[in-house]
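Inside the fold
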Amino acid sequence: MKFEGRIALVTGASRGIGKSTALKLASEGANVAVHYAKSADKAKAVCEQLRALGRNAISVQADVADRDAVNRMVTQVTGELGPIELLVNNAGDVGSVPFSELTPEHWDRIIAVNLTGSFNVLWAVKPGMIARRFGRIVNVASIAALAVRPDQMPYAAAKAGVISLTKSCCGALAPHNIRVNAVAPGAIATDMLGEVTPAFAEHLRSTTPLGRLGEPEEMANVIAFLLSEESSYMTGATVIASGGRILMP
Ligand code: NAP
């Protein structure tokens, strides 16, 4: 098993890509902290699934935009599961809003969740990884970072920031045997896609060269690869996993 006995923290693991990733890591031997913001029952149910695989699992709550809450959460995971070796910075909120209705307050919030939130978790986990000279981090970006998205302006900007954060952290943390990579998903069939109109969802599907939406399990496979030693010479990379949909409108 690729992650036998490793301790993983997956943010936003109550649903969608994070849930599939938690299941994938546990199926490969990891003990997993299942993080959530509001969906306590869903996170607990994911933990039950992980325990049924024979792994240790705990659910932990924090708004990733709240630095103190994130620090408390990381302390809790370390105390109850052990030092975090694998981090998946997956929690996110697309916050789509027509450009004409965008407010500075909405901008601040979406940047805080998607960009500063990723920084907050990474920053809280980093000292333990440095002390142990081992860490594998995957940040979940989006092809929105590469595209024209007037109705997702703060989200797209935040995800571009996540790609840049990944590159800078790669350089800063490589000397400590910490690899940092990112995945940029295309349109994936999760609750997040439920936030867009049916017409836009159909547009996403029909403009994807593979002709379908991605499944969260397909993103979990890429994330597990980037966390594993199969990607041992990769750091600072952003893997686009989009069914071929990159810069199409
Ligand atoms: P999802 O099904 O909507 O799940 C979002 C997860 O993030 C949930 O676990 C949610 O927790 C958590 N979360 C949301 N806001 C949070 C906050 N402020 N603090 C802490 N946790 C928070 O989303 P998904 O589609 O799986 O997306 C996962 C990641 O992939 C995100 O970073 C997203 O931007 C990225 N992505 C998704 C797509 C797509 O098409 N689905 C495409 C590109 C990139 P609760 O359940 O407790 O609310």
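All of the points below concern the structure found in this document.

Rules of the game
Residues numbered from 1 in each chain as written. Predicted model: local features only at pLDDT ≥ 70, side-chain atom pairs only at ≥ 80, totals over all residues. Heavy atoms only, no water. Helix = DSSP H or I, 4+ residues; strand = E, 2+ residues; numbered from the N terminus. Buried < 20%, exposed > 50% of the residue type's maximum accessible area, 1.4 Å probe, protein only. Contact = heavy atoms within 4.5 Å. Polar contact = N/O pair within 3.5 Å; in protein donor to acceptor, adjacent residues only side chain to side chain. Salt bridge = Lys/Arg side-chain N within 4 Å of Asp/Glu carboxyl O. Pairing = 2+ DSSP bridges. Axes fitted to C-alpha atoms, helices over the stretch in contact; angles between N-to-C directions. Near = heavy atom within 4 Å. Nonpolar A, V, L, I, M, F, W, Y, C, P; charged D, E, K, R; others polar. Right-handed = clockwise from strand over helix to strand, strands pointing away.

**Comments concerning the environment of D63**
Take D63: it is sitting in the loop between β3 (57–61) and α3 (67–80). Since its relative accessible area comes to 27%, D63 is described here as partly exposed. Distance in space between the C-alpha atoms of D63 and A112 is 9.9 Å, their sequence separation being 49 residues. Once residues within four sequence positions are removed from consideration, D63 is found in contact with A69, V70 and R109. In terms of polar contacts, D63 uses its side chain to reach the backbone amide nitrogen of A65, at 2.9 Å.

**What about the pattern of salt bridges?**
A complete count under the given rule lists 10 salt bridges for this structure. Put simply, R132 and E85 hold a salt bridge, and the shortest N to O gap is 3.4 Å. On the criterion of sequence distance, the pair formed by R132 in helix α4 (residues 104–132) and E85 in the loop between α3 and β4 (86–89) is long-range, its members being 47 residues apart. Taking the relative accessible area as the measure of exposure, E85 reaches 7% and is therefore buried. We note a salt bridge from R205 to E202, for which the minimum N-O separation is 2.7 Å.

**Concerning the side chain of Q152**
Note on placement: Q152 falls in the loop between β5 (135–140) and α5 (153–173). Overall, Q152 belongs to the buried group, its relative accessible area being 8%. In terms of polar contacts, Q152 uses its side chain to reach the side chain of S96, at 3.2 Å. Ignoring sequence-local partners within four residues, the contact set of Q152 consists of V94, S96, A144 and V196.

**A look at the sheet that holds strand β6 (residues 178–185)**
One key point about sheets: their strands pair by backbone hydrogen bonds, in either a parallel or an antiparallel sense. Spatial strand order, β3-β2-β1-β4-β5-β6-β7: seven strands in an open sheet with parallel pairing. Edge positions in the sheet fall to β3 and β7 (238–241), since each has one partner strand and no second. When strand polarity is set aside, the average angle formed by the axes of neighbouring strands in this sheet is 15°. The pairing of β6 with β7 spans four bridges and is parallel. Each bridged residue has a counterpart across the sheet, and for A184 the counterpart in β7 is I240. The sheet contacts of helix α1 (residues 16–27) involve β1 (7–10), β2 (31–36), β4 and β6, and relative to β1 the element is tilted by about 170°.

**What about the environment of S20?**
By the element assignment, S20 lies in helix α1. For S20 and G243, which are 223 residues apart along the polypeptide, the C-alpha to C-alpha distance reads 18 Å. The contacts of S20, once residues within four sequence positions are left out, are P216, E217 and A220.

**Topic: the site of the ligand**
The local shell around the ligand holds 32 residues, among which S14, K38, S39, Y155 and T190 are the closest. Contact between the ligand and K38: an oxygen atom at 2.6 Å from a main-chain N or O atom of the residue. Between a nitrogen atom of the ligand and a side-chain N or O atom of R109, the distance comes to 3.5 Å. For the shell around the ligand, the secondary structure elements donating two or more residues are α1, β2, α4 and α5. For the shell around the ligand, the class distribution of residues is 16 nonpolar, 10 polar and six charged.

**Remarks on the pairing of β1**
Where burial is concerned, the two faces of β1 agree: the one with I7 and L9 and the one with A8 and V10 are both buried. Bridge count between β1 and β2: four bridges; the pairing is parallel. What sits directly across from I7, in β2, is N31. Once the chain exits β1 it traverses α1 before rejoining the sheet at β2, and the crossover so formed is right-handed. Summarising the sheet, β1 and β4 pair through three bridges and their orientation is parallel. Bridging from a neighbouring strand, L9 pairs with L87 of β4.

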